[in-house]
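# Architecture and fold: a report
Residues per chain are reported as follows:
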Amino acid sequence: MSRPIQFYDTTLRDGEQTPFVVFSVEQKLQIAHKLADLGMDIIEVGFPAASESEQEATRRAALEVKGPVIAGLARCKTADIDITAKACEAADKARISIVLPISDRHLSASLRITRSEAESQISEAVRHAKKYLDDIEFIATDATRTSEADLLSCLKVAAEAGAMTLVVADTVGCGLPEEIKSLFGRLRASFSPHIKLGIHCHNDFGLATANSLAALEGGADQVEGTINGLGERAGNTALEEVAMILKYHQTSLKFSTNIRTERILETSRLVREVSGVVVQPNKALVGQNAFLHAAGMHQQAMLADPLTFEPFGPELVGGDAALEDRIIFGKFLGKNGLKRLLTLDGVELSESDLEALVAKIRAAIERRETVSRRTMLAWAKGG
Ligand code: MN
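For clarity, every value in this text was computed on a predicted model and none was experimentally measured. (Residues numbered from 1 in each chain as written. Predicted model: local features only at pLDDT ≥ 70, side-chain atom pairs only at ≥ 80, totals over all residues. Heavy atoms only, no water.)

This next bit is on the overall build of the chain. Broken down by element type, the chain carries 16 helices and 10 strands. Relative to its full complement of 383 residues, the chain shows a buried share of 51%. Of the roughly 17,200 Å² that the chain leaves accessible, carbon and sulfur atoms contribute 52%. Once the 44 positive and 52 negative side-chain charges of the chain are each reduced to a mean point, those two points are 2 Å apart. (Helix = DSSP H or I, 4+ residues; strand = E, 2+ residues; numbered from the N terminus. Buried < 20%, exposed > 50% of the residue type's maximum accessible area, 1.4 Å probe, protein only. Areas by Shrake-Rupley, 256 points an atom, 1.4 Å probe, with all protein chains shown as cover. Lys, Arg positive; Asp, Glu negative; His and termini not counted. Charge placed at Lys NZ, Arg CZ, Asp CG, Glu CD.)

Encoded structure:
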């Protein structure tokens, strides 16, 4: 028996909080359609109370993007909730995600309210939102720097007011996997099964994926994040990573998802193009080097069995490059190594032709050009 995990995408909201990233309404719709094709369960389109264009993007997504739940973010303010409810109105399935920071630091420095005032705000906001919709989520911001008793108390208030999904946000990424896993075990035991638990992580220590996975193992039902890990500072959880981990380790983890992983790369490329935020070359799954091989010593093994140096082939995330194009040459290429590689393809060159080929490949590498095995063979054969 697999436990179904809901994927909640916030590329269009938290992802847009990346410095210098601005999505137009049309761009948000383009990405939202792609996220729906990818199999996202919930798409948070924006923060409708923030601006007219945020409202329009949410309204248009509610009308046009069918399949996923269309969510809008609202603060614990009646006006935010009214605007968000109206913006989501046309969706077949809509959600209002209500957010409030709950740590002592945020309550005193940013909100300037007491804890009991915070709990009243949560209760009133959720009750107000319930007048519009059943599907209300409460996101406890900075929850991992809040005492567990205070966190539990806030979540209970939200649940009693009618919130159906309770989300723990590791807002500055300081959670540790083991702690998050055990926290979710205790939270799961504190709420009835019809209350869904969610995790929302940031990647300040590079732990967002590990922490999200830990929450799911501990009992969370929903994971929030973005494509490519887009987001302010070090970004949010890269949802493509979580999806692929759950798929690859399906037998041991026993989770199921609706994500069509073979659409990961096309979604990643669209988000990269539209946001203008480059993806680091060695980024898991979607970086340009994620399925490239430059080590001469690996080539023979890779040609015999590509799984010698890959966990799975790129086709699982939608990559279509042939192995011949993914095996490339690095600057340490030597004459003898090249000779051995050529014999694998039954090509034999004279010493002088071999030296000329090494020189040609090295010159290309120095110009930062990619020389794949396919290119090398074409050159060797006089191409
Ligand atoms: Mn966030």
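What follows is about the packing of helix 14 (residues 335–344) against helix 16 (residues 373–380). Relative to each other, helix 14 and helix 16 sit at 90°, their axes nearing to 11 Å. Regarding the angle of helix 14 to helix 16, the classification is roughly perpendicular. Within the contact between the two elements, helix 14 uses Leu 338, Leu 341, Leu 342 and Leu 344 and helix 16 uses Arg 373, Met 376, Leu 377 and Ala 380. Residue composition of the contact of helix 14 with helix 16, grouped by class: seven nonpolar, no polar and one charged. (Axes fitted to C-alpha atoms, helices over the stretch in contact; angles between N-to-C directions. Parallel < 35°, antiparallel > 145°, perpendicular 65-115°, else oblique. Contact = heavy atoms within 4.5 Å. Nonpolar A, V, L, I, M, F, W, Y, C, P; charged D, E, K, R; others polar.)

Looking now at the nonpolar core. By size, the foremost hydrophobic cluster in this structure holds 88 residues, and its most contacted members are Phe 7, Ile 98, Ile 122, Phe 138 and Leu 166. Not counting chain neighbours up to four residues away, the residues in contact with Ile 98 comprise Ala 74, Arg 75, Cys 76, Ile 81, Ala 125, Val 126, Ala 129, Ile 136, Glu 137, Phe 138 and Ile 139. Membership of the second largest hydrophobic core comes to 16 residues, among which are Phe 329, Leu 341, Leu 357 and Leu 377. (Core = buried A, V, L, I, M, F, W, Y, C linked by side-chain atoms within 4.5 Å.)

Let's shift gears to the pattern of salt bridges. The full count for this structure, using the stated rule, is 31 salt bridges. Among the salt bridges present, the one from Arg 233 reaches Asp 204, with a minimum N-O distance of 2.6 Å. Here the residue Arg 233 occupies a position in the loop between strand 9 (222–225) and helix 9 (239–248), and Asp 204 occupies one in the loop between strand 8 (196–201) and helix 8 (208–218), the gap between them amounting to 29 residues. The closest approach of N and O atoms between Glu 310 and Arg 326, which form a salt bridge, is 2.4 Å. With Glu 310 in the loop between helix 12 (296–304) and helix 13 (323–326) and Arg 326 in helix 13, this pair connects stretches of sequence that are 16 residues apart. (Salt bridge = Lys/Arg side-chain N within 4 Å of Asp/Glu carboxyl O.)

Without other data, these values stay purely geometric and don't point to any function.
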